[in-house]
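# Descriptive analysis of the structure
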Amino acid sequence: MTAVQNPNDKGGGSAALYAVLAIVAFFGFAFLAASFLGGEDPVDINSDGFEAAPVTIGEGVLDQMPGSVSISTDPTVDGAIGQVAPPISGTNFSGETVEILNDGKPKAIYFVAHWCPFCQAEVPQLVEMISDGQVPEGLDIYMVSTSVDSGATNYPPSAWLDQTNWPMPIIRDDSSSTALITYGAGGFPYGVFLNSANQVVARSAGVTEKDITLQLWNAAVNAEEIAVPGEPATTDTTAIEE
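Residues numbered from 1 in each chain as written. Predicted model: local features only at pLDDT ≥ 70, side-chain atom pairs only at ≥ 80, totals over all residues. Heavy atoms only, no water.

## Let's talk about the overall build of the protein chain
- For the protein chain, the count of helices and strands is five helices and nine strands.
- Walking the protein chain from its N terminus toward its C terminus, one meets helices and strands in the order α-β-β-β-β-β-α-β-α-β-α-β-β-α.
- When each of the 242 residues of the protein chain is scored for burial, the buried share is 41%.
- Within the protein chain, contacts between residues at least 6 apart in sequence are counted, and of these 73% link residues at least 24 apart. (Helix = DSSP H or I, 4+ residues; strand = E, 2+ residues; numbered from the N terminus. Buried < 20%, exposed > 50% of the residue type's maximum accessible area, 1.4 Å probe, protein only. Contact = heavy atoms within 4.5 Å.)

Encoded structure:
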């Protein structure tokens, strides 16, 4: 409907319109300010929109994964084997809290980047294995979306992972990739496999075949507490074919 100004109104209509616009602008600004300043900590919107978000990492840093191997299970080669992984607390793409804790459960944690073609190949394979019921009983699987680049291919990661029908919990890493770096930053897709004591029993870098993935999952479930790096292992984790 077109607004018609009353000819007897000496500017009153314009003044009223300006007043309405001013009120709308004020409340719009107030809403935005409340969104970013009130309640929960604001998400990290530096250059990645809402695809990255703050994470809280507990005590400890895993040794960096050796670049010379794609599957590591040997503490004499990979110093992280036997180390206790720190807990991670963050949010998923819906803003809901997701935590990876030292809760007595074995875990497989996958760090993926949306622009990585190997991640784009690995994730659907993992989804298929999960859907087919191949996950060992008691194993928790998590994904960390990291290294987000709004100018790179396959952006945003939230849409990509939604299209893959990824069924397990997801944490958004921050724009500094803090979770990835704390966990040793192997090549993508990067997998960290923890026993029930939250100790690293294996790590993987790159796409793994389904049978190797299943072995890694089983290693996490079946491994008892293992020795710290440099000491004899109490559990054999070398059965995984490399």
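Don't stop here, the text continues.
## Examining the pattern of salt bridges
- The final tally for this structure, using the stated rule, is three salt bridges.
- Asp-78 is paired through a salt bridge with Arg-203; the nearest N and O atoms lie 2.6 Å apart. With Asp-78 in the loop between β2 (71-72) and β3 (88-91) and Arg-203 in strand β9 (residues 200-205), this residue pair connects regions lying 125 residues apart in the sequence.
- On the accessibility criterion, Asp-78 (0% relative accessible area) is buried.
- Using a relative accessible area of 0% as the deciding quantity, one classes Arg-203 as buried.
- The shortest N-O distance in the salt bridge between Lys-107 and Asp-103 comes to 2.8 Å.
- When its relative accessible area of 35% is taken as the criterion, Asp-103 is described as partly exposed. (Salt bridge = Lys/Arg side-chain N within 4 Å of Asp/Glu carboxyl O.)

## Some details on the packing of aromatic side chains
- Scanning the entire structure with this criterion turns up four aromatic pairs.
- Ring geometry for Tyr-110 against Phe-193: centres 5.8 Å apart, planes inclined by 85°, an arrangement best described as edge-to-face. Of the two residues, Tyr-110 sits in strand β5 (residues 107-112) while Phe-193 sits in strand β8 (residues 190-194), which places them 83 residues apart along the sequence. Phe-193 carries the same exposure label as Tyr-110, and that label is buried.
- Among the aromatic residues, those joined into a ring-pair cluster are Phe-111, Tyr-183 and Tyr-190. (Phe/Tyr/Trp six-rings, centres within 6.5 Å; stacked < 30°, edge-to-face > 60°.)

## What about the sheet that holds β3?
- With respect to topology, three strands assemble into an open sheet ordered β1-β3-β4, the strand pairing being antiparallel. Each edge of the sheet is formed by a strand with only one pairing partner; in this case those strands are β1 (56-57) and β4 (97-100).
- Relative to β3, β1 runs antiparallel, the two sharing two bridges. For Ile-57, the partnering residue across the bridge sits in β3 and is Ile-88. (Pairing = 2+ DSSP bridges.)

## Describing the pairing of β5
- Of all six residues that make up β5, six are buried, and the element is covered over most of its length.
- Alternating residues of β5 divide into Lys-107, Ile-109 and Phe-111 and Ala-108, Tyr-110 and Val-112, and every residue in both groups is buried.
- In this region the chain leaves β5, passes through helix α2 (residues 117-131) and returns to the parallel neighbour strand β6 (residues 140-145); the handedness of that crossover is right-handed.
- Pairing between β5 and β8: five bridges, direction antiparallel. If you follow Ala-108 over to β8, its bridge partner there is Phe-193. (Right-handed = clockwise from strand over helix to strand, strands pointing away.)

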